[in-house]
Amino acid sequence: MANPSGTRGSITHVIFDMDGLLLDTEKFYTEVQEIILARYNKTFDWSLKAKMMGKKAIEAARVFVEETGINDLLTAEEFLVEREKMLQNLFQTTELMPGASRLIRHLHANGIPICVASGSHRHHFELKTQRHGEVFSMMHHVVLGDDPEVKQGKPSPDIFLAAAKRFEGGPVDPHKILVFEDAPSGVAAAKNAGMLQFDKQTAEDLVACAFAVAEVLVSSVSCCRFAVMVPDPRLESSFHEAADQVLSSLLDFNPSDWGLPPFQDVSS
Ligand SMILES: O=P(O)(O)OC[C@H](O)CO
Ligand SMILES: [Mg+2]
């Protein structure tokens, strides 16, 4: 595991993924995709799921029709239309993942700036969060897949770069940001963002960027941002390797591991 031990203790800001990490919504995508594939006598599996999760809707849709070989029968755009009604009904029943409320409330109460970076688009975000307004109101900001700055979905770093920039006084030093993710593409995006954090608009930034690249080359580490992964247990374990810490549940997160204020309670 790519864990740079000894440098974990200076986290000041946290970026949360949403689907499958804070909200138990990945099961809805799986359910609907299983129904659609069954119409073509095909089955949905976790190797395909791993390639789709975390991406923008149209990007995931292209993966779906191409990888399953149904693209002659159903285009990515038609797939999105076909699944939409089912998803909209399911999203209205969305529950928080175990430990999500506790962690968000804890960080917010301790003045740690937190935000969301989700590939989900605005309309779906509103449906998924409509029963969880209080906890989401604690986010400093939310960056979504249809944000104009998010040209490409995860694993492109666009969404994490935008999220890091929008904190007060941003962009925040990538070493001080902890990203929580459930998806392989999300962990990769966070890592890619760590390497590309610097905005190459000034000479000073160019120098800083050169130092960052040199650091990467010298250390043979492909990134400098930290990612905690909370994967579904059905995800193949080789996908865990890029993360700095892998947890079975947000309930297992220990803020002290990262220099964050410890929980004062012992419950979830
Ligand atoms: O995991 P998120 O929050 O980036 O969401 C991405 C898609 O909406 C679902 O995979
Ligand atoms: Mg996710």
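These numbers were taken from a predicted model, which means no experiment stands behind them.

Undergrad: So what exactly am I meant to see when it comes to the overall build of the protein chain here?
TA: When its secondary structure is counted, the protein chain shows ten helices and six strands. The burial tally for the protein chain puts 50% of its 268 residues in the buried class. Within the protein chain, counting contacts between residues at least 6 apart in sequence, those at least 24 apart form 73% of the total. When the accessible surface of the protein chain is summed, it comes to about 12,400 Å², and 54% of that surface belongs to carbon and sulfur atoms.

Undergrad: Help me understand the packing of helix α1 (residues 26-38) against helix α4 (residues 76-91) in this model?
TA: Helices that pack against each other are described as a pair by the angle of their axes relative to one another and the distance between those axes. At their nearest, the axes of α1 and α4 sit 10 Å apart, and the two run at 135° to each other. The orientation of α1 relative to α4 falls into the category oblique. In terms of crossing hand, the pair formed by α1 and α4 is right-handed. Across the interface between the two elements, Phe-28, Tyr-29, Glu-31, Val-32, Gln-33, Ile-35 and Ile-36 from α1 touch Phe-79, Glu-82, Arg-83, Met-86, Leu-87, Leu-90 and Phe-91 from α4. Residue classes in the contact of α1 with α4 are distributed as ten nonpolar, one polar and three charged.

Undergrad: Which parts of the structure should I look at to understand the sheet that holds strand β5 (residues 226-229)?
TA: Paired through backbone hydrogen bonds, the strands of a sheet run either parallel or antiparallel to each other. On the basis of which strands lie adjacent, the open sheet formed by six strands has the order β3-β2-β1-β4-β5-β6 and parallel pairing. Both outer strands of the open sheet, β3 (141-144) and β6 (245-246), are each paired with one neighbouring strand and no more. Where β5 meets β6, two bridges bridge the pair, whose relative direction is parallel. If you follow Met-229 over to β6, its bridge partner there is Val-246. With respect to the sheet, helix α5 (residues 100-109) is in contact with β1 (13-16), β2 (114-118) and β4 (177-181), its orientation differing from that of β1 by roughly 155°.

Undergrad: Help me understand the pairing of β2 in this model?
TA: Two faces, one strand: in a regular strand the side chains alternate between the faces of the sheet. Most of β2 is tucked away: five of the five residues are buried. The two faces of β2 match: Ile-114, Val-116 and Ser-118 on one face and Cys-115 and Ala-117 on the other face are all buried.

Undergrad: Explain the coordination of the magnesium ion (ligand 2) to me, please; I cannot follow it from the model alone.
TA: Note on metal geometry: ideal angles are 109.5 degrees for four donors arranged tetrahedrally and 90 or 180 degrees for six donors arranged octahedrally. In this structure, Asp-17 (OD), Asp-19 (O) and Asp-182 (OD) serve as the protein donors to the magnesium ion (ligand 2), at separations of 2.0 to 2.2 Å. As a motif over one chain, the donors of the magnesium ion (ligand 2) read D-x1-D-x162-D. Taking relative accessible area as the criterion, Asp-19 reaches 8% and is therefore assigned buried.

Undergrad: Just checking my understanding: could you explain the site of ligand 1 for this structure?
TA: Asp-17, Asp-19, Glu-26, Ser-118 and Lys-154 are the nearest of the 13 residues found near ligand 1. Glu-26 is positioned with one of its side-chain polar atoms (N or O) 2.7 Å from an oxygen atom of ligand 1. The side chain of Lys-154 places a nitrogen or oxygen atom 2.7 Å from an oxygen atom of ligand 1. Isolated, ligand 1 exposes 300 Å² of accessible area, and the fraction of that covered by the protein chains is 95%. Here ligand 1 occupies the largest cavity. Within the shell around ligand 1, the residues separate by chemical class into three nonpolar, four polar and six charged.

Undergrad: Where do I start with the side chain of Asp-244 in this structure?
TA: Note on placement: Asp-244 falls in the loop between β5 and β6. Judged by relative accessible area, which is 2%, Asp-244 ranks as buried. Of note is the side chain of Asp-244, whose polar atom sits 2.8 Å from the backbone nitrogen of Ala-227.

Undergrad: Would you explain the confidence of the model for the protein chain in this entry?
TA: Should the pLDDT be low somewhere, the predicted coordinates at that spot are not to be read in detail. The predicted model of the protein chain has a mean per-residue pLDDT of 88, with 85% of residues at 70 or higher. Note on residues 198-203: pLDDT under 50 across the span, and eight contacts to partners over four residues away in sequence or across chains. Across residues 205-224 the pLDDT falls below 50, and counting only partners more than four positions away or on other chains, this stretch makes 19 contacts in the model.

Undergrad: Help me understand the layout of surface pockets in this model?
TA: Take a probe with the size of a water molecule and roll it over the atoms, and the empty space left behind shows itself. When its volume is computed, the largest pocket comes out at roughly 300 Å³. If you trace the largest pocket, you find 21 residues lining it, with Gly-20, Asp-24, Met-97, Asp-232 and Pro-233 closest to the centre. At the level of elements, α1 and α2 (46-52) are the ones that each hand at least two residues to the lining of the largest pocket. Top element by residues in the lining of the largest pocket is α1. It accounts for three residues. Viewed by domain, the lining of the largest pocket spans two of them, domain 1 (8-24 + 95-258) and domain 2 (26-91), each represented by three or more residues.

What counts, and where the lines are drawn
- Residues numbered from 1 in each chain as written.
- Chains lettered and ligands numbered in written order.
- Predicted model: local features only at pLDDT ≥ 70, side-chain atom pairs only at ≥ 80, totals over all residues.
- Heavy atoms only, no water.
- Helix = DSSP H or I, 4+ residues; strand = E, 2+ residues; numbered from the N terminus.
- Buried < 20%, exposed > 50% of the residue type's maximum accessible area, 1.4 Å probe, protein only.
- Contact = heavy atoms within 4.5 Å.
- Areas by Shrake-Rupley, 256 points an atom, 1.4 Å probe, with all protein chains shown as cover.
- Axes fitted to C-alpha atoms, helices over the stretch in contact; angles between N-to-C directions.
- Parallel < 35°, antiparallel > 145°, perpendicular 65-115°, else oblique.
- Left-handed = near helix turned anticlockwise from the far one by under 90°.
- Nonpolar A, V, L, I, M, F, W, Y, C, P; charged D, E, K, R; others polar.
- Pairing = 2+ DSSP bridges.
- Donors = N, O, S within 2.8 Å, 3.2 Å for Na, K, Ca; no water.
- Near = heavy atom within 4 Å.
- Polar contact = N/O pair within 3.5 Å; in protein donor to acceptor, adjacent residues only side chain to side chain.
- 1 Å grid on protein atoms, 1.4 Å probe; cavity = no way out; pocket = protein on both sides within 12 Å on 5 of 7 lines; lining within 4 Å.
- Sits in = over half its atoms within 2 Å of the grid points.
- pLDDT = per-residue confidence, 0-100.
- Points joined across faces, edges and corners; volume = space filled by probe spheres on them.
- Domains from an automatic or database assignment.

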